[in-house]
Amino acid sequence: MSKLEELIKELCPKGVELKKIKDVYSRLKGTPITATKMKEIANRNGKIKVFAGGKTVINANEEDIPNANIIKVPAVLVQSRGLIDVIYYDRPFTFKNEMWAYTAKSVTEVKFLYYFLKNNIVDFRKVASGMGSLPQISLSITEEFFIPVPPLKVQREIVRILDNFTEIITELTIELTMRKKQYEYYRDSLLVFDISIPKVKLRDIATDIYRGSGITREQVTKDGIPCVRYGEIYTTYHIWFEECQSHTKLENITNPKYFEHGDILFAITGESVEDIAKSTAYMGYDKCLAGGDIVVLKHNQNPKYLSYVLSTYYVQKQKSRGKMKSKVVHSSVPSIEEIEIPLPTLEVQNRLVNVLDNFDAICIDLNIGLPAEIEARKKQYEYYRDILLTFVETGNIMLSNRIESNRIESNRIESNRSN
């Protein structure tokens, strides 16, 4: 029997009472602060975190916000507008007064509240009302929200278990990020050649280059002709791919544009200058449809080599050159044609692709290496979180089989990692 099960059996064998958040946590008010004031103090590198909703966060000094309600105890902040979410923070902070926060009373652990709300965040977002296009929730949504309140020792043990999973996932993610940076450095170094290797513009090696034809979201079907929409190049496909995730019906498309094995696809519309014109190589053998805002490049080179070299920092700078920061960033066929790349012989291209494919698989493939471990840990975390934050309402302590199966899986992952 686990320590948690022992605590539940001892302290709350018949389940626990559900209580409203407002009855068991202390609500904290924020600080009146304008967007103008936020901009004014944003670059002063202070020690007080100021949350303004969504991704807007600045660091300020206390003297910058003399009337601020600065919270100096661990608390849970409810972001009530835009991206509705909850944040746990344990260092000095404040927030715009359109939001609110909670801290613990003597019988509660504030991080237990954080994990419980995070586990139910979908429910909060479902009941959000819109102000224009900006969703928001009212104070009463959280104040009146019922949560289980087990004894403090049980709360703290649940928090300890979930903290351990969170820490492991964070460490693995940092390690993976560093490995990806190492890979990008290695890839870029490998694809920098001396002056003996000619540099060519894509227009010089293109046997054809053209734009796709629009495929709307409503025209995507479960079966039919395989197709790619430009957004999928950013979100779904990596250096190369073999199967399309989307399909459509030919009768939906008035001016179909196809791509085939070996073609390079560029997304010429995006949300950032830094990522514009992301490209991928199609290595499958179906004849597929290219959606609008995609440029198709046909050629006689190694498609994977082109895709690798087109993802380097050297080439990405060319893709970004002259583009303006706005809500939507655009490229074009003439811009793509002007991209310059080093072009060794096909024999050298093939050798480079073999090396880069092997290294790329270690970093990216979800079936091996760190990504698989992170995925497994996330699933374990979600599994435990769902159990730990719901079974306390019922008094169900028969968790041994499920916990034991997950313990075995944890040991297997640790063993694979050490080997």
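Residues numbered from 1 in each chain as written. Predicted model: local features only at pLDDT ≥ 70, side-chain atom pairs only at ≥ 80, totals over all residues. Heavy atoms only, no water.

Participant: Would you mind showing me how to read the pattern of salt bridges here?
Facilitator: Pairs may arise between side chains of opposite charge once their charged atoms sit close together. Within the structure shown, the criterion is met by 22 salt bridges. Where arginine 179 meets glutamate 175, a salt bridge forms, and the shortest distance between an N and an O atom there is 3.9 Å. With a gap of four residues between them, arginine 179 and glutamate 175 both fall in helix α7 (residues 152-190), about one helical turn apart. Since its relative accessible area comes to 31%, glutamate 175 is described here as partly exposed. (Salt bridge = Lys/Arg side-chain N within 4 Å of Asp/Glu carboxyl O. Helix = DSSP H or I, 4+ residues; strand = E, 2+ residues; numbered from the N terminus. Buried < 20%, exposed > 50% of the residue type's maximum accessible area, 1.4 Å probe, protein only.)

Participant: What is the right way to look at the environment of aspartate 188 in this model?
Facilitator: Here aspartate 188 is to be found in helix α7. When the C-alpha positions of aspartate 188 and serine 311 are compared, they lie 8.8 Å apart, and in sequence the two are 123 residues distant. Filtering out sequence-adjacent residues up to four positions away, aspartate 188 remains in contact with Thr312 and Tyr313. (Contact = heavy atoms within 4.5 Å.)

Participant: For this particular structure, what's the right way to read unusual backbone geometry?
Facilitator: What you tend to see is this: most non-glycine residues have negative phi, and most peptide bonds are trans. Unusually for a residue other than glycine, alanine 277 sits at a positive phi of about 65°. Among the residues examined, alanine 277 registers a relative accessible area of 0% and is labelled buried. The backbone of aspartate 293 sits at a positive phi, close to 60°, despite the residue not being glycine. Its place among the elements puts aspartate 293 in the loop between β22 (288-290) and β23 (294-298). On the basis of relative accessible area, aspartate 293 is assigned to the partly exposed category, the value being 22%.

Participant: I tried to follow the nonpolar core on my own but got confused; where do I start?
Facilitator: One recurring pattern in soluble globular proteins is that nonpolar side chains are buried together. Tyr25, Leu113, Ile147, Ile158 and Leu162 are the most contacted members of the largest nonpolar core, which totals 37 residues. Put simply, the parts of the chain that give this core at least two residues each are α1 (3-11), α2 (21-24), β5 (75-79), β8 (100-104), α4 (110-119), α5 (121-126), α7 and α14 (369-388). Setting aside residues up to four positions removed in sequence, isoleucine 147 forms contacts with Glu17, Leu18, Lys19, Ile21, Val24, Tyr25, Leu113 and Phe116. Membership of the second largest hydrophobic core comes to 33 residues, among which are Val200, Ile264, Ala281 and Leu306. (Core = buried A, V, L, I, M, F, W, Y, C linked by side-chain atoms within 4.5 Å.)

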